[in-house]
Amino acid sequence: MSKLVKQTEDMLRSKLESAVKAAVAAGELPEEDPAPFIVEIPSNKANGDFSTNIAMACAKCFKKAPRMIAQSIADHIDLSDTLFERVEIAGPGFLNFFLSGSYYSAVLKDIFSCGEDYGKSDYGQGKKVIVEFVSANPTGPMHIGNARGGAIGDCLASVLDWAGYDVSREFYVNDAGNQIEKFATSLEVRYLQHFRDGVEMPEDAYHGADITEHAENFIKEYGDRYVDSPSEERRKALVDYALPKNIEGLERDLKRYRITYDNWFRESTLHHDGSVDSVINALKEKGVTYEQDGALWFKASEFGNDKDIVLIRANGLPTYIVPDIAYHYNKLVTRGFDKAVDVLGADHHGYVPRMKAALTALGLDAGRLDAVIMQMVRLVRNGETIKLSKRSGKAITLNTLIDEIPLDAARFFFNLREPNSHFDFDLELAAKESSENPVYYVQYAHARICSIIKKAQEQGVELRNPTDDELLMLDSNEERELIRHLSMLTNEIVAAAKAYDPAKITHYVTQLATLFHKFYNAQRVMCDDEGLMQARLYLCRAVKNTISNILTMLKITAPQVM
């Protein structure tokens, strides 16, 4: 795993602290502890490869003008055994540091040394994180929101894994509660309608064709056996028949989408093992509940919520929030995850504070629960919003979406924007084989490099590792800009993990492809100088390997030919 950027930053920080001590020893600065300061990578490379505000930060404690402090530090800093070649003072007292050619060589060597692990880090220190995503209602097919949630959740789990966390992916199966009762009602009505006239489907039931299909298949297997059975027995038989098929379908469709879960957790287990009752009793014991109008309430307003929450209805049945509290308690306490991350739809904004309030009331650190709130996605074709599949004329589901566009495009496109932003998914663009399509653009860069390498070998070039002197020849602006971007992959993955935002990675790899094409158009790879040619081929291979690593992380193919 790569640590070069972090090591370089740490080395510079150490050198700055030594320079301050040297300036103090020389009598140029007073004997005061330096104030906290920042070492950062400037966005504008005219300001160096690394920059620090140490002179401004220390102006108060040293009682000197920042530029005077900066000059003293610059005079005493020793860069002889570092990867920096010079320092400049800029503006009010910034110290800007410029890397030597050896640094750029070290980046490329690091990429080859790390191989398939380039980009990984130990930032997460192996902490256990559970990422729960999609968790679609098992009473019907997955919709477009689930498609976005699946791509975001799965790629986020990969990002966290690469950032050094011990990650588990989980699907929470809502196989209890109101939606299952509604599912049972819908199946029962369709079943009875086959044998009797005048059986009406309730307005708020499920009217989809999938319900009718389940009922008809049930009839093929069981006939009229349950027509005269008690309703409870009939409903149970229908749900026991149809629900497993729906869950199998969810698992099958998600695998097609390249999503495999470590665990499918059933809500029903929380009811059967006493977890739901335990949570209610625990909240009662904490003194954070009260009874009103025959219902049991949680004093959520005492924990930052705008109103209290009903836990047990007057009819004695728990509300949906109770098994959800038990589920999160199970994640963080029973199974001992350090952090739980939920990928949720935009309608869950109020849900998260309620859940955090309950966890706090139970004595847990609510900061151990994080939520990624995902906004709606609109499907667009020819500039117009669409809701129906061209093939089936029905609402577009996850399956119909990946029937219409390449799977790689679906996973990449849903991660083009940060989760909390609204997103227009352009179906025409996703299917287009041109540089306008970002995933095609990135994959083309990978394939183009494979072609360059193949042609070089066909011309009799034997690929080898360049010498240090040959690597120093990679000194054009295009080459250094490209290598500098390569060096930032590990940092970018850590930043994406911190922000729970896989879009940072799609942006990174798209920019990498842009910088490669820029380099390739400006510099001849197959040039007359054999040493320079080998160095440029080495750079191309480093870019290819890095793109491959990123696409592998995102579960997107890295084609060799396009």
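For the structure itself, look to the data block above.
The notes below deal with the structure included here. All figures in this text were calculated on a predicted structure; none of them were measured in a lab.

**Looking at the overall build of the chain**
Tallying secondary structure elements over the chain gives 22 helices and 15 strands in all. Along the longest, intermediate and shortest principal axes, the C-alpha atoms of the chain span 95 × 65 × 40 Å. Burial status across the chain gives 52% buried among its 562 residues. The long-range share in the chain, meaning contacts at least 24 apart out of those at least 6 apart in sequence, stands at 71%. As presented, the chain carries roughly 25,700 Å² of accessible surface, and 47% of it is formed by carbon and sulfur atoms. Put simply, the chain has 65 plus and 82 minus side-chain charges, and the middle of one group is 1 Å from the middle of the other.

**What to know about the sheet that holds strand β3 (residues 84-90)**
Taken together, the four strands give an open sheet; going across it, the order is β1-β2-β4-β3, and neighbouring strands pair in antiparallel fashion. Each of the sheet's edge strands pairs with one partner strand only, and the pair in question is β1 (39-40) and β3. In this sheet, strand β4 (residues 94-99) lies alongside strand β2 (residues 50-52) in antiparallel orientation, the contact comprising three bridges. From the neighbouring strand, Ser51 faces β4, where its bridge partner is Asn96. Docked against the sheet, helix α1 (residues 4-25) engages β1, β2, β3 and β4, running at close to 35° with respect to β2.

**Section: the pairing of strand β5 (residues 128-132)**
Burial runs high along β5: four of the five residues are buried. With helix α6 (residues 144-162) bridging β5 and the parallel strand β6 (residues 166-173), this β-α-β connection has right-handed handedness.

**Considerations on the layout of surface pockets**
Roughly 760 Å³ of volume is contained in the second largest pocket. What lines the second largest pocket is a set of 24 residues, and nearest its centre among them are Gly140, Pro141, Asp210, Glu213 and Thr397. Of all elements in the fold, only α8 (209-222), α9 (231-256) and α14 (398-404) reach the threshold of two or more residues within the lining of the second largest pocket. The element contributing the most residues to the lining of the second largest pocket is α9, with six residues. Across the lining of the second largest pocket, the residue classes break down as seven nonpolar, 11 polar and six charged.

**Some details on the side chain of Lys15**
Topologically, Lys15 is positioned in helix α1. At 3.5 Å, the side chain of Lys15 and the backbone oxygen of Asp78 are in polar contact. Once residues lying within four places of it in the same chain are set aside, the contact partners of Lys15 are Ile77, Asp78, Asp81 and Thr82.

**Structural notes on the sheet that holds β6**
Spatially, β7-β6-β5-β11-β12 is the arrangement adopted by the five strands of the open sheet, whose pairing is parallel. Each end of this open sheet is capped by a strand with a single partner; those strands are β7 (263-266) and β12 (369-374). Strand-to-strand twist in this sheet, taken as the mean axis angle between neighbours without regard to direction, amounts to 25°. Note: β6 against β7, four bridges, orientation parallel.

**Describing the nonpolar core**
Counting residues in hydrophobic clusters, the biggest one holds 148 residues, and the most contacted among them are Leu16, Leu108, Tyr257, Phe414 and Phe425. Ranked by residue count, the leading element in this core is helix α22 (residues 530-553), at 13 residues. In contact with Phe414, not counting residues within four places along its chain, are Ile144, Ala147, Arg148, Ala151, Ile152, Tyr257, Val377, Leu401, Phe423 and Phe425. Ranked by size, the runner-up nonpolar core spans 35 residues in total, among them Tyr172, Ala340, Val352 and Leu364.

**Some details on the pattern of salt bridges**
Summed over the entire model, instances satisfying the criterion amount to 30 salt bridges. Here Arg335 makes a salt bridge to Glu170, at a shortest N to O gap of 2.7 Å. Placement of Arg335 in the loop between α12 (321-334) and β11 (339-345) and of Glu170 in strand β6 is noted, with a sequence separation of 165 residues between them. In this structure Arg335 comes out as partly exposed when scored by relative accessible area, which is 25%. Residue Glu170 is classed as buried on the basis of its relative accessible area, which comes to 1%. Where Asp403 meets Arg256, a salt bridge forms, and the shortest distance between an N and an O atom there is 2.6 Å. Taken together, the residues span a long stretch of sequence, with Asp403 in helix α14 and Arg256 in helix α9 at a distance of 147 residues.

Definitions and cut-offs
Residues numbered from 1 in each chain as written. Predicted model: local features only at pLDDT ≥ 70, side-chain atom pairs only at ≥ 80, totals over all residues. Heavy atoms only, no water. Helix = DSSP H or I, 4+ residues; strand = E, 2+ residues; numbered from the N terminus. Buried < 20%, exposed > 50% of the residue type's maximum accessible area, 1.4 Å probe, protein only. Contact = heavy atoms within 4.5 Å. Areas by Shrake-Rupley, 256 points an atom, 1.4 Å probe, with all protein chains shown as cover. Lys, Arg positive; Asp, Glu negative; His and termini not counted. Charge placed at Lys NZ, Arg CZ, Asp CG, Glu CD. Pairing = 2+ DSSP bridges. Axes fitted to C-alpha atoms, helices over the stretch in contact; angles between N-to-C directions. Right-handed = clockwise from strand over helix to strand, strands pointing away. 1 Å grid on protein atoms, 1.4 Å probe; cavity = no way out; pocket = protein on both sides within 12 Å on 5 of 7 lines; lining within 4 Å. Points joined across faces, edges and corners; volume = space filled by probe spheres on them. Nonpolar A, V, L, I, M, F, W, Y, C, P; charged D, E, K, R; others polar. Polar contact = N/O pair within 3.5 Å; in protein donor to acceptor, adjacent residues only side chain to side chain. Core = buried A, V, L, I, M, F, W, Y, C linked by side-chain atoms within 4.5 Å. Salt bridge = Lys/Arg side-chain N within 4 Å of Asp/Glu carboxyl O.

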